[in-house]
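Each chain, letter by letter, is given below.
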Amino acid sequence: MSKKSESELLSRRTVLRSAASLGAVALAAPALAQDALQEIISAPQRGTWDDQFDANAASRTAVDVVSNNPVLGPASPMYIQQAISTYQTIVANGGWPEVMPAQAGMRIGTVDPVVQQLRQRLMIAGDLPRSAGMSNSFDSYVDGAVKRFQARHGLPIDGVLGDYTLKAMNIPAQTRLGQLETNLVRVQAMSGDLGERYVMVNIPAAYIEAVENGRVVLRNTAVVGRIDRPTHIINSKIYEVILNPYWTAPRSIIEKDIVPLMRKDPTYLSRNNIRLFDGRGQEVAPETVDWFAPKAPNLMFRQDPGKNNAMASTKINFHNPNNEYMHDTPQQGLFNKLMRFESSGCVRVQNVRDLITWLLRDTPGWSRQEIERVIASRQNNPIKLAVEVPVYFVYITAWSAKDGVVQFRDDIYQRDGATELALQTKTGVEQSAGPIDDDMLPQQ
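Source: prediction; values computed, not measured.

Cut-offs applied
Residues numbered from 1 in each chain as written. Predicted model: local features only at pLDDT ≥ 70, side-chain atom pairs only at ≥ 80, totals over all residues. Heavy atoms only, no water. Helix = DSSP H or I, 4+ residues; strand = E, 2+ residues; numbered from the N terminus. Contact = heavy atoms within 4.5 Å. Areas by Shrake-Rupley, 256 points an atom, 1.4 Å probe, with all protein chains shown as cover. Buried < 20%, exposed > 50% of the residue type's maximum accessible area, 1.4 Å probe, protein only. Arc of directions from axis to C-beta. Axes fitted to C-alpha atoms, helices over the stretch in contact; angles between N-to-C directions. Parallel < 35°, antiparallel > 145°, perpendicular 65-115°, else oblique. Left-handed = near helix turned anticlockwise from the far one by under 90°. Nonpolar A, V, L, I, M, F, W, Y, C, P; charged D, E, K, R; others polar. Lys, Arg positive; Asp, Glu negative; His and termini not counted. Salt bridge = Lys/Arg side-chain N within 4 Å of Asp/Glu carboxyl O. Polar contact = N/O pair within 3.5 Å; in protein donor to acceptor, adjacent residues only side chain to side chain. Pairing = 2+ DSSP bridges. Phe/Tyr/Trp six-rings, centres within 6.5 Å; stacked < 30°, edge-to-face > 60°. Expected span 1.5 Å × (residues − 1).

Engineer: Talk me through the overall build of the protein chain; I want residue IDs and the actual numbers.
Structural biologist: Along the protein chain, the regular secondary structure elements total 13 helices and 15 strands. Contacts in the protein chain between residues at least 24 apart in sequence constitute 70% of all its contacts with a sequence separation of at least 6. Taken as a whole, the protein chain presents about 21000 Å² of accessible surface, with 53% of it coming from carbon and sulfur.

In structure tokens:
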């Protein structure tokens, strides 16, 4: 071990031993010990920058980025124009340095001269205060700054300089400026009166905002359409919530999936609670159908409500020409994925019961308790909203709200005009091997 490394280690041990000693004193005199500990943390003479840490970095990161400011609103164009001005200055000053691939995997505790390059990149974008200095240490200030950067770009907030974080950091400032300018036009188109209460689905961000009186009261993670089956831009109104919905299989799934499955396993329909109906509404027994005929039977394939239903507990209907809707899903693990662009156009909603409770607030008789009771009954129950709620499906990959935090997302449908902005999508999305609607196929 070098003398410098030994001295750094001893310096850290000294701070830790001091903190531990103060902790013991705190049992007898909490206020005095806390003051003394804070004095050690804040002391400018306590060592090199390599020793610095900030106990509030993680909490401050969350406060800085996660807020109840909506993406859309009357003032949204002004906020994004302010961001454009900031990025014009960054570009005019030469942008930011490239973070070299050799730095991938760095995290808190790393000590290396290349950390200075990372610090510079984070400072220019405003994620790291300049008072944090230009040391070689990936300390808690840098950790908090990386987490803030990740939060602004919709990435997992782990403080690790992984592949996705590195790629997002290395998109040039000029490209980010162009992205903001492109999205200003989109935001301006949605800056009118959106309603006192409305739902916004931001497709590239794969999340939903329920907005009331200009504030986000609920934010839900979503799964949206993949690039070969994109979710459409929609301006509509939610008029109905269906608890325990039926699911009717599209013709493409019947022909390409269900019929071949029935040839292999005649119990497939019964195991998945899918029943057959003819044009008169009469139920048809599966065993009476010739599953080896050249053409699929001209029957309706309808799945009963239940835990195996492709829409699970809930379907949310709104007027649109594409037969798209929002719904629950039995595949809850999809919401934990980084790239949630896997549906056939419809939008899956995490914690959907929170959203429908908010939607049904003005519809008499539909408290959260009653919603849960009906879902538990497994009985199909359509509910017309007493007051229809506006819903907006938008494609916004860059924005800034009242808090001044500039946010970016991948250009998942390649509409922003810069190939770098779709870079992560190409490596992060699983390509479908089946028909475009196979994400709705019951898997049991």
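After presenting the structure, the write-up continues.
Engineer: Explain helix α11 (residues 352-359) residue by residue, including any values.
Structural biologist: Residue pairs three or four apart in sequence face the same way in an α-helix, which turns once every 3.6 residues. Looking at α11, one finds that the buried residues are Val-352, Leu-355, Ile-356, Trp-358 and Leu-359. Taken end-on, α11 shows its buried residues confined to a sector of 155°, consistent with a single buried face.

Engineer: A description of the environment of Met-169 should follow, citing residues and the corresponding values.
Structural biologist: By the secondary structure assignment, Met-169 is in helix α7 (residues 163-169). Sequence separation of Met-169 and Glu-98 is 71 residues, and the distance between their C-alpha atoms is 7.6 Å. Those residues in contact with Met-169, other than ones at most four positions away along the chain, are Trp-96, Val-99, Leu-118, Arg-121, Leu-122, Phe-149 and Leu-161.

Engineer: I'd love a proper account of the packing of helix α4 (residues 76-92) against helix α8 (residues 173-188), names of residues and values included.
Structural biologist: In a pair of packed helices, the angle between the axes and the distance between the axes together describe the arrangement. Close contact between α4 and α8 brings their axes to 9 Å; oriented N to C, the two are set at 165°. Here α4 is positioned roughly antiparallel relative to α8, judged by the angle of their axes. The handedness of the crossing between α4 and α8 is left-handed. Within the contact between the two elements, α4 uses Ser-76, Pro-77, Ile-80, Gln-81, Ala-83, Ile-84, Tyr-87, Gln-88, Ile-90 and Val-91 and α8 uses Ala-173, Gln-174, Arg-176, Leu-177, Leu-180, Glu-181, Asn-183, Leu-184, Val-187 and Gln-188. In the contact of α4 with α8, the residues fall into 12 nonpolar, six polar and two charged.

Engineer: Can you tell me about the side chain of Asp-411, naming the residues and giving the values?
Structural biologist: Structurally, the position occupied by Asp-411 is in the loop between β15 (406-408) and α13 (423-428). Buried charged residue Asp-411 carries no salt bridge. Nearest counter-charge: Arg-186, at 5.6 Å. Side-chain polar atoms of Asp-411 contact the side chain of Tyr-395, separated by 2.5 Å. Leaving out residues up to four positions away in the same chain, Asp-411 has contacts with Tyr-395, Thr-397, Asp-416, Gly-417, Leu-421 and Ala-422.

Engineer: Can you break down the sheet that holds strand β5 (residues 247-248) residue by residue, with the values?
Structural biologist: The sheet built from four strands is open, its strands ordered β5-β8-β6-β7 with antiparallel pairing. The open sheet terminates on both sides in strands that have one partner only, identified here as β5 and β7 (283-284). Direction of pairing for strand β6 (residues 274-277) relative to β7: antiparallel, over a ladder of two bridges. Following the sheet pairing, Phe-277 is matched in β7 by Glu-283.

Engineer: How would you sum up the packing of aromatic side chains? Please name residues and give values.
Structural biologist: Enumeration over the complete set of coordinates arrives at six aromatic pairs. Ring plane angle 70° and centroid distance 5.7 Å describe the contact between Tyr-87 and Phe-408, whose orientation is recorded as edge-to-face. Separated by 321 residues along the polypeptide, Tyr-87 in helix α4 and Phe-408 in strand β15 bring together distant segments of the chain. The pair formed by Tyr-87 and Phe-408 is uniform in burial state, with each residue classed as buried. Taking 5.7 Å as the distance between ring centres and 70° as the angle between the ring planes, the aromatic pair formed by Tyr-198 and Tyr-392 counts as edge-to-face. Note that Tyr-198 is positioned in strand β1 (residues 197-202) and Tyr-392 in strand β13 (residues 381-394), a separation of 194 residues in sequence.

Engineer: Quick one: what's the story with α8, residue by residue and with numbers?
Structural biologist: End to end, α8 covers 22 Å across 16 residues, agreeing with the expected 22 Å (1.5 Å per residue, within 8%). Among all positions of α8, only Ala-173, Thr-175, Arg-176, Leu-177, Gln-179, Leu-180, Asn-183, Leu-184, Arg-186 and Val-187 are buried.

Engineer: With reference to specific residues and values, describe unusual backbone geometry.
Structural biologist: Its identity as a non-glycine residue notwithstanding, Asn-244 has a phi of 55°, on the positive side. Its location among the elements puts Asn-244 in the loop between β4 (234-243) and β5. By relative accessible area, which is 3% here, Asn-244 ends up buried. Unlike most non-glycine residues, Asn-323 shows phi in positive territory, near 55°. You can see Asn-323 is positioned in the loop between β9 (314-318) and β10 (326-327).

Engineer: Describe the packing of α11 against helix α12 (residues 368-377), naming the residues involved and giving the relevant values.
Structural biologist: Taken N-terminus to C-terminus, the directions of α11 and α12 make an angle of 125°; their axes are 10 Å apart at the nearest point. The orientation of α11 with respect to α12, classified from their angle, is oblique. You can see that α11 and α12 cross each other, and the crossing is right-handed. Mapping the contact onto sequence places Arg-353, Asp-354, Ile-356 and Thr-357 in α11 and Arg-368, Ile-371, Glu-372 and Ile-375 in α12. Of the residues belonging to the contact of α11 with α12, the class tally is three nonpolar, one polar and four charged.

Engineer: Before we move on, can you summarise the side chain of Asn-317 with the specific residues and values?
Structural biologist: Here Asn-317 is to be found in strand β9. Using a relative accessible area of 9% as the deciding quantity, one classes Asn-317 as buried. Separated by 2.8 Å, the side chains of Asn-317 and Glu-240 make a polar contact. Setting aside chain neighbours within four positions, we find Asn-317 in contact with Lys-237, Ile-238, Tyr-239, Glu-240, Ile-242 and Tyr-325.

Geometry only, nothing functional implied.
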